Each structure stands twice: as C-alpha cells, then as structure tokens.
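As a plain string of letters, each chain reads:
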Amino acid sequence: YNYVESGSRRQEMILCLHDFGDFWYGWRNQLRCLSHSNWVVALDLKGFGETKKPFIASKYKDEVVVEQLKQFIDVLQEDDKQIVIIGHGLGGYIAWKFVEKYPSMVRKFISISTPHPRIWLKHVMRSWRSVIENRWLYVCRLPFLPEMEKVANDLEVFYKRFKNSNSVMNQSKYSNLDKEDYKYTVSHTTDWQGPINYFRNFPLADFSRSVLKEEGPKPCIPVEALLIVGNVDPELSLDRMSQSAEYADRFAMQIVNGTGHSPHQEQPNVVNKHITKFIKDEVSYMPKWSSMMKLVSQPKFSS
C-alpha cells in the first residue's frame, strides 16, 4: 500500500480509508488536524493512486481486501495495539467489513456517509426502480467499457459530487493544485480498473436471494461506532444511515448541517471536532436501536 502518515507512531493509530474516485489526499485535513494527539495514516486503497493495481477482478473481493488490510496494519504496528478506523464511501464499506471480521483490532470505528453494507445493498435491490437508478453497478460487469467512460469524462466524478450536492461545498474550495492532483490520479484507463473491480465483486444476485431469507436479530459489531452524515447528501438518505445503527452495539450519530457526501472535506473543522470527541469518549451513546427513531424524526444538526 502507498500511504501518507502524520503524527508520532507512539500515539494511537487512526487509519483512514477513502471513497471511490478519491485517494489518500481526501484526508489531507485530517492528516493535519488530528495528528497532534494521534498517528494518522491515510492510504491509497488497492487499485487507487500509487498502490498496486491488479488487473484480475477477483483480487478485489471483500475477503481478499480485508485480509490484505489486516496484513498492512500488522506490518505497520509494532505491537498489538488497537486502532481507530475511519471509512468514507467505498472505504467505509471496507471498514464495516474489516470491523466485522477483526473487531478485536479496532477500538473505535467511524463511518462517514456509509451505511452498513447490507443496508446499502438492500436499498440497491429493493425494487426495479432502484435497480434502474443504480444500473451503473451492472454496467461495471462489462469489461473495459466502464473504465473507458470514466477516462473520457475526466474529472466529472469529482465535479458532479459537489455541484449537485446543494451543500456549502463548491469548486472554489479546491485550488488548481488540488484539481491537478486528482486529475493526475485518474488520467489513464488503468487508473480506473482497480476501483471499478470493487463494484464488479459486489454480490448483487446472491444478496437479493439472501435478503428474502433474512430473519432474526442482526449481528452487531462489538466496537463503538460513530456515524457521520451530511444532511444534504444526494447519494444517501438519513434514514439509511440511521438504520445502520442496528449493526452496532454502541453508537453515536452526528448530522453535519450544510454538507453533502464528503463532510470531512466540506466542513473539516466540524467533523474533526466530532472525531476528536468520539476518540476521547466525550460523546453520548445511544445503546438501543429504538432510541434512534427520535433522532431521525427530530434531527439536531451540527454546525
């Protein structure tokens, strides 16, 4: 893995996993601001940025990615200290999977704009309308075409995220250097093969059958979780994010007012404060899922 770190290795590690269409640079504000009391590590996920980009799609299966992530942590950590893991979007999906498989390695889990994988997949498969709205997930099954489309559209994946979010974020927040950094990371077809291979491995058909058989209580992660979401996220409803609390024994939730899909980039100071308080156990947890209904029906926005 290619990674960037900030802070002393003697401090607790915060491992940051980025979204699709992003790379370690998406955590630049957290690398700078959270490193005063933590060791912050932001990596390029497999297939992204300067990390290796295997061509074979099976190299991006959940179990393979999670196992390699564990190996990366084992090598980087000199002992068996627990870590804090933060995931956004695709990185959040991977983080949920990691915490479920290796809960003993994680002291705190922070999910930004990422519902639990089962909640997200259930939404995608809930109706024909949802399938049509998310048809790009099926287009990803085709060879080469999705990669060619992404290269042809250049930076559309970044511009569209913020222009359509109705959030306080806008393109002026990004310098020309920022835009060139992003453009450089996705300028070739091979830069998209790895990222799209993650979607090629999503178990859409298998999941639709398993949902019909799903009964009984949900398996909960025994790790304290913080769920962060923007209130004008065009890709995620507050309802789907709140439903993810079913999969956590103890959780807190922060709705960041005026932000879209990337609150940690749109309002980094606000999000960093929430993260710091959570790490220091200065938040109020909601131990029961039933309590979440009050939060959803009468959300209190952070500013």
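Calculation criteria
- Residues numbered from 1 in each chain as written.
- Predicted model: local features only at pLDDT ≥ 70, side-chain atom pairs only at ≥ 80, totals over all residues.
- Heavy atoms only, no water.
- Helix = DSSP H or I, 4+ residues; strand = E, 2+ residues; numbered from the N terminus.
- Buried < 20%, exposed > 50% of the residue type's maximum accessible area, 1.4 Å probe, protein only.
- Polar contact = N/O pair within 3.5 Å; in protein donor to acceptor, adjacent residues only side chain to side chain.
- Contact = heavy atoms within 4.5 Å.
- Phe/Tyr/Trp six-rings, centres within 6.5 Å; stacked < 30°, edge-to-face > 60°.
- Lys NZ or Arg CZ within 6 Å of the ring centre and 35° of its normal.
- Axes fitted to C-alpha atoms, helices over the stretch in contact; angles between N-to-C directions.
- Parallel < 35°, antiparallel > 145°, perpendicular 65-115°, else oblique.
- Nonpolar A, V, L, I, M, F, W, Y, C, P; charged D, E, K, R; others polar.
- Core = buried A, V, L, I, M, F, W, Y, C linked by side-chain atoms within 4.5 Å.
- pLDDT = per-residue confidence, 0-100.

Draft legend 1. Just the side chain of N38, in detail. With respect to the helices and strands, the residue N38 is situated in the loop between α1 (28–33) and β3 (39–43). Among the residues examined, N38 registers a relative accessible area of 7% and is labelled buried. A polar side-chain atom of N38 sits 3.3 Å from a polar atom in the side chain of S37. Not counting residues within four places of it along the chain, the set of residues in contact with N38 comprises S6, G7, S8, Q11, E12, I14 and I279.

Draft legend 2. The arrangement of the packing of aromatic side chains in detail. Following the criterion strictly, the structure yields 13 aromatic pairs and no others. Judged by centre distance (4.9 Å) and plane angle (75 degrees), the rings of F20 and F199 are edge-to-face. Residue F20 is located in the loop between β2 (13–17) and α1, and its partner F199 is located in helix α10 (residues 190–200); the two are separated by 179 residues in the primary sequence. Both residues of the pair, F20 and F199, belong to the buried class. Aromatic side chains W24 and Y25 sit 5.6 Å apart centroid to centroid with 85 degrees between the ring planes, which places their arrangement in the edge-to-face category. Among the aromatic side chains, those forming a connected cluster through ring pairs are F20, Y93, W120, F199 and F202. Residue placement shows K46 over the ring face of Y60; its charged tip is 5.2 Å from the ring centre. Here the guanidinium or amino end of K108 rests over the ring plane of F278, the centre of that ring lying 4.6 Å away.

Draft legend 3. How the structure looks around the packing of helix α2 (residues 62–76) against helix α3 (residues 90–101). In contact at an axis separation of 10 Å, α2 and α3 are set at 75 degrees when each is read in the N-to-C sense. Overall, the two elements α2 and α3 adopt an arrangement that is roughly perpendicular. Here D62, V65, V66, E67, L69, K70 and I73 of α2 lie close against α3, whose contacting residues are Y93, I94, K97, F98 and K101. Across the contact of α2 with α3, the residue classes tally to 7 nonpolar, no polar and 5 charged.

Draft legend 4. Here's a closer look at the nonpolar core. Counting 54 residues, the largest nonpolar core has L15, L17, I85, I94, F98, V106 and F109 as its most contacted members. Tallying contributions element by element places α3 first for this core, with 7 residues. Excluding anything up to four places from it in sequence, I85 contacts L15, L17, A95, F98, V99, V106, K108, F109 and I110. Counting residues in hydrophobic clusters, the runner-up holds 22 residues, among them I14, A42, A252 and V283.

Draft legend 5. Looking closely at the confidence of the model for the protein chain. On average, residues of the protein chain score 81 in pLDDT, and 75% of them reach the 70 mark or higher. Long-range and interchain partners of residues 164–172, a stretch whose pLDDT sits below 50, account for 22 contacts in this model, where long-range means more than four residues apart. Every residue in residues 289–303 is under pLDDT 50, and counting partners more than four places away or in other chains gives 26 contacts.

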